[in-house]
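# A look at the structure
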Amino acid sequence: MPKHPRQKLKLLHLQRLLLTYTDENHWLTMDEILYHLEQAGIHAERKSIYGDIQALRDFGMDILQKRGKNGGYYLTSREFEIAELKLMVDAIQSSRFITHRKSRELIHKIETLASQPQARLLQRQVYVFGRAKTINEGIYRNIDTLHEAITNGNQIRFRYFEWKADFVTHRHIVKHYRRAGQFYQASPWALMWDHENYYLIAFDQEADLVKHYRVDKMEALEITGVQREGKQFFERFDLADYARKTFGMFRGKEQWVRMKCENRFISALYDRFGEAIALSPCDDTSFYANVNVAVSPQFYAWVFGLGGAVKIVAPPEIVQDFQNLNKKFV
């Protein structure tokens, strides 16, 4: 039997010491291990530590010994490599939908997956030009609630808002609730990540349509317990195809559009539409592309942003709409 109640915790303390302070470039000498344990109120002898280290090895921890005068013990591998943790930190810091406060919380938790020396390498800032963090802390609860509703096949209700300028009250940016603050009710089917925002893809039973909603603009979200509807719409629903046709998640009339494109812009079309484009030759420097797209001002803006290298050539009414829109900016 252990001579002291805290002796029962010795193995756990030793495990935490190795996880916290050691890696391939940092190790703990036997004297340092004994000192840390003593600080935790645990008296130990060298012989018992040797046995504990072997027990941790048998448990699966990859513990090696650095030989030599100043050598010691260290953990050589972990669940995540430091390069993988850096990727996680970069993704969190550059993500628009994760608030500054939540970013700090998540990164702090990720740091605990590395040794203290390695954790300092994770304390870095990723700067992404023009990117603003969301200010809606409720998005995390919304995502959990929506996953639960989708899994259980239940309808949801929520209030939906947008941001508007208000210079009368000097607050400048204020929430404006749609439908005068009345609740929406919808049948959730999928969550989609597009243009750095989460969107709910749902069936609106009142309008008999598939719609999408920005998750960070949903408030007072709750599960109704009513069985969701719209199964007939989602039996063959292709989420990737939906995202490909919808520019900036602004829906428009879906139709085929023919464009004349310079050969060097084939990558731009492939990145946007994938393999769902029909190509045909035009001349030595260009080709034709037929795409099925939800025509909207955002689609026109995408074409305009390619600086004339991509031109809409059919159907005539889409060509005319695009030209009329361009005249407004001339």
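You'll find the structure just up there.
Quick notes on the rules
- Note that residues are indexed from 1 along each chain, following the sequence as it is written.
- Selection of residues for local features in this predicted model requires a pLDDT of at least 70, selection of side-chain atom pairs for listing and counting requires 80 or more, and totals for whole chains, interfaces and linings are taken over all residues.
- By convention in this description, side-chain values take in all heavy atoms of the structure and omit both hydrogens and water.
- Where helices and strands are cited, they refer to DSSP runs of H or I of at least four residues and of E of at least two residues respectively, numbered from the N terminus.
- Partly exposed describes any residue whose relative accessible area lies between the buried limit of under 20% and the exposed limit of over 50%, with all areas from a 1.4 Å probe on protein chains only and scaled to the type maximum.
- For this analysis, residues touch if any pair of their heavy atoms sits within 4.5 Å.
- Any pair of N or O atoms that falls within 3.5 Å is considered a polar contact. Within protein, one atom must be able to donate a hydrogen and the other to accept it, and sequence-neighbouring residues count only if both atoms are side-chain atoms.
- Here a helix's expected span is defined as the number of its residues, less one, multiplied by 1.5 Å.
- Pairing between two strands is assigned when DSSP locates at least 2 bridges connecting them.
- For helices, the fitted line uses only the C-alpha atoms of the stretch in contact; every axis is such a line through C-alpha atoms, and the angle between N-to-C directions lies from 0 to 180 degrees.
- Working definition of a nonpolar core: buried Ala, Val, Leu, Ile, Met, Phe, Trp, Tyr and Cys residues. They are joined through side-chain atoms within 4.5 Å.
- Criterion for a salt bridge: a side-chain nitrogen of Lys or Arg within 4 Å of a carboxyl oxygen of Asp or Glu.
- Angle categories are assigned with fixed cut-offs, so that under 35 degrees is roughly parallel, over 145 is roughly antiparallel, 65 to 115 is roughly perpendicular, and the rest are oblique.
- Here the term charged refers only to Asp, Glu, Lys and Arg, the term nonpolar to Ala, Val, Leu, Ile, Met, Phe, Trp, Tyr, Cys and Pro, and the term polar to all other amino acids, Gly among them.

## Observations concerning the overall build of the chain
- Tallying secondary structure elements over the chain gives 12 helices and 12 strands in all.
- Relative to its full complement of 330 residues, the chain shows a buried share of 41%.
- Nonlocal contacts in the chain, meaning residues at least 24 apart in sequence, comprise 66% of its contacts between residues at least 6 apart.

## Notes on the side chain of Arg214
- Mapped onto the elements, Arg214 comes out in strand S7 (residues 209–214).
- A polar contact of 2.8 Å, which involves the side chain of Arg214, links it to the side chain of Asp216.
- Filtering out sequence-adjacent residues up to four positions away, Arg214 remains in contact with Arg96, Tyr160, Asn197, Tyr198 and Tyr199.

## Remarks on helix H7 (residues 139–152)
- Here H7 is 14 residues long and its end C-alpha atoms lie 20 Å apart, about the 20 Å a rise of 1.5 Å per residue gives.
- Along H7, the residues that are buried comprise Ile139, Tyr140, Asn142, Ile143, Thr145, Leu146, Ala149 and Ile150.
- Two residues or fewer after H7 comes Gly153, characterised by a positive phi angle close to 70°.

## Some points on the sheet that holds strand S10 (residues 277–281)
- Read from one edge to the other, the open sheet built from four strands follows the order S10-S11-S9-S12, with strand pairing classed as antiparallel. Both edges of this open sheet fall to S10 and strand S12 (310–314), since each of them pairs with a single strand only. Taken pair by pair, the neighbouring strands of this sheet meet at an average axis angle of 35°, ignoring direction.
- Sheet strands in contact with helix H12 (residues 316–327) are strand S9 (253–262), strand S11 (286–295) and S12, and its direction is about 135° off that of S12.

## Some words on the nonpolar core
- Grouped together as the largest cluster of nonpolar side chains are 27 residues, with contacts concentrated most on Leu146, Ile156, Phe158, Leu200, Tyr213, Val215 and Met218.
- Elements with a minimum of two residues in this core: helix H4 (82–94), helix H5 (100–111), H7, strand S3 (154–166), strand S5 (184–194), strand S6 (197–204) and strand S8 (218–227).
- The element contributing the most residues to this core is H7, with six residues.
- Counting 23 residues, the second largest nonpolar core, distinct from the first, contains Leu269, Ala289, Trp302 and Ile312.

## Focus: unusual backbone geometry
- With an omega of -5°, the peptide bond between Ala314 and Pro315 qualifies as cis.
- Within the element layout of this structure, Pro315 appears in the loop between S12 and H12.
- The backbone phi angle of Arg179 is positive, close to 55°, even though this residue is not glycine.
- In this fold, Arg179 is placed in the loop between strand S4 (172–177) and S5.
- A positive phi angle, near 60°, is found at Asp208, a position not held by glycine.
- In this structure, Asp208 sits in the loop between S6 and S7.
- The class for Asp208 is partly exposed, based on a relative accessible area of 43%.

## Observations regarding the pattern of salt bridges
- A full pass over the atoms with the stated rule returns 10 salt bridges.
- Residues Glu219 and Lys175 are paired through a salt bridge, measuring 2.1 Å at the closest nitrogen-oxygen approach. One end of the pair, Glu219, is in strand S8; the other, Lys175, is in strand S4, with 44 residues separating them in the sequence.
- Looking at Glu219, the relative accessible area reads 19%, which means it is buried.
- Here the salt bridges do not stand alone but share partners, grouping Arg101, Lys102 and Glu105 into one network.

## Overview of the packing of helix H1 (residues 10–21) against helix H3 (residues 46–59)
- Interhelical geometry of H1 versus H3 gives an angle of 70° and a closest axis separation of 10 Å. The orientation of H1 relative to H3 falls into the category roughly perpendicular. Contacts between H1 and H3 involve Lys10, Leu11, Leu14, Gln15 and Leu18 from the former and Ser48, Ile49, Asp52, Ile53, Ala55, Leu56 and Phe59 from the latter.
- Classifying every residue of the contact of H1 with H3 gives eight nonpolar, two polar and two charged.

## A short note on the environment of Tyr74
- With respect to the helices and strands, the residue Tyr74 is situated in strand S2 (residues 73–75).
- When its relative accessible area of 14% is taken as the criterion, Tyr74 is described as buried.
- Through-space distance from the C-alpha of Tyr74 to that of Leu18 is 6.2 Å; in sequence the pair is 56 residues apart.
- Beyond its immediate sequence surroundings of up to four residues, Tyr74 is in contact with Leu18, Thr22, Asp23, Glu24, His26, Trp27, Asp62, Ile63, Leu64, Gln65 and Lys66.

## Observations regarding the pairing of S10
- In this structure, S10 lies alongside S11, joined through five bridges in antiparallel fashion. Bridging across to S11, Leu279 finds its partner in Ala289.
- Where S10 folds back onto S11 in an antiparallel hairpin, the turn is made up of four residues.

## Quick notes on H4
- Its 13 residues place the ends of H4 18 Å apart at the C-alpha level, agreeing with the 18 Å of an ideal helix rising 1.5 Å per residue.
- When we look at burial in H4, the residues that qualify are Leu85, Val89, Ile92, Gln93 and Ser94.
- Buried residues belonging to H4 abut H5 and helix H6 (116–122).

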